[in-house]
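A closer look at the structure
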Amino acid sequence: MTTSRDPQTCRRALREIGEIAAAARLEGGQMTDQEALQSIAAIAEWVLETAPGARADCGEVVRRLERMTAGVDFEALGDREAQALFGAVLGVLEGA
């Protein structure tokens, strides 16, 4: 079980987020941008609840992702809106 004392929680979550983003970018993939965004948002929220003291470098990336996706109604996003938000999320991940 992962706790707020587990220093690897955030790093594992970022790897998972990266895998989700990569799967969503695959040509002909089964995951839509909206589905990827929902998963990424859920993981970011979980990390902030589970490991609020996450390492500074990793924690800042997760906090940025959470701020970008908090309160977004992913089901209501149009394709362009989802693509734009997903692109912004990718930019944060690539900068990490």
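Scope of this entry: the structure provided in the associated data block. (Residues numbered from 1 in each chain as written. Predicted model: local features only at pLDDT ≥ 70, side-chain atom pairs only at ≥ 80, totals over all residues. Heavy atoms only, no water.)

**With respect to the packing of helix α2 (residues 33-50) against helix α4 (residues 79-95)**
Here α2 crosses α4 at 45 degrees, and the two axes come no closer than 9 Å. The angle between α2 and α4 places the two elements in the oblique class. As α2 runs across α4, the sense of the crossing is left-handed. Contacts between α2 and α4 pair Asp 33, Gln 34, Ala 36, Leu 37 and Ile 40 from the former with Asp 79, Ala 82, Gln 83, Leu 85, Phe 86 and Val 89 from the latter. Split into classes, the residues belonging to the contact of α2 with α4 amount to seven nonpolar, two polar and two charged. (Axes fitted to C-alpha atoms, helices over the stretch in contact; angles between N-to-C directions. Helix = DSSP H or I, 4+ residues; strand = E, 2+ residues; numbered from the N terminus. Parallel < 35°, antiparallel > 145°, perpendicular 65-115°, else oblique. Left-handed = near helix turned anticlockwise from the far one by under 90°. Contact = heavy atoms within 4.5 Å. Nonpolar A, V, L, I, M, F, W, Y, C, P; charged D, E, K, R; others polar.)

**Some details on the state of the cysteines**
Counted according to the given criterion, the structure contains one disulfide. With a sulfur-sulfur separation of 2.0 Å, Cys 10 is cross-linked through a disulfide to Cys 58. Given an S-S torsion of about -100 degrees, the disulfide between Cys 10 and Cys 58 has left-handed geometry. You can see Cys 10 sitting in helix α1 (residues 9-25) and its partner Cys 58 sitting in helix α3 (residues 56-69), a full 48 residues away along the chain. The same class applies to Cys 10 as to Cys 58, namely buried. (Disulfide = S-S within 2.5 Å. Buried < 20%, exposed > 50% of the residue type's maximum accessible area, 1.4 Å probe, protein only.)

**A word on the packing of α1 against α2**
Interaxial distance between α1 and α2 falls to 10 Å at its minimum, and their mutual angle equals 175 degrees. Judged by the angle between their axes, α1 and α2 are roughly antiparallel. Touching Thr 9, Cys 10, Ala 13, Glu 16, Ile 17, Ile 20 and Ala 24 of α1 are Ala 36, Ser 39, Ile 40, Ile 43, Ala 44, Trp 46 and Val 47, all from α2. Looking at the contact of α1 with α2 residue by residue, the class counts come to eleven nonpolar, two polar and one charged.

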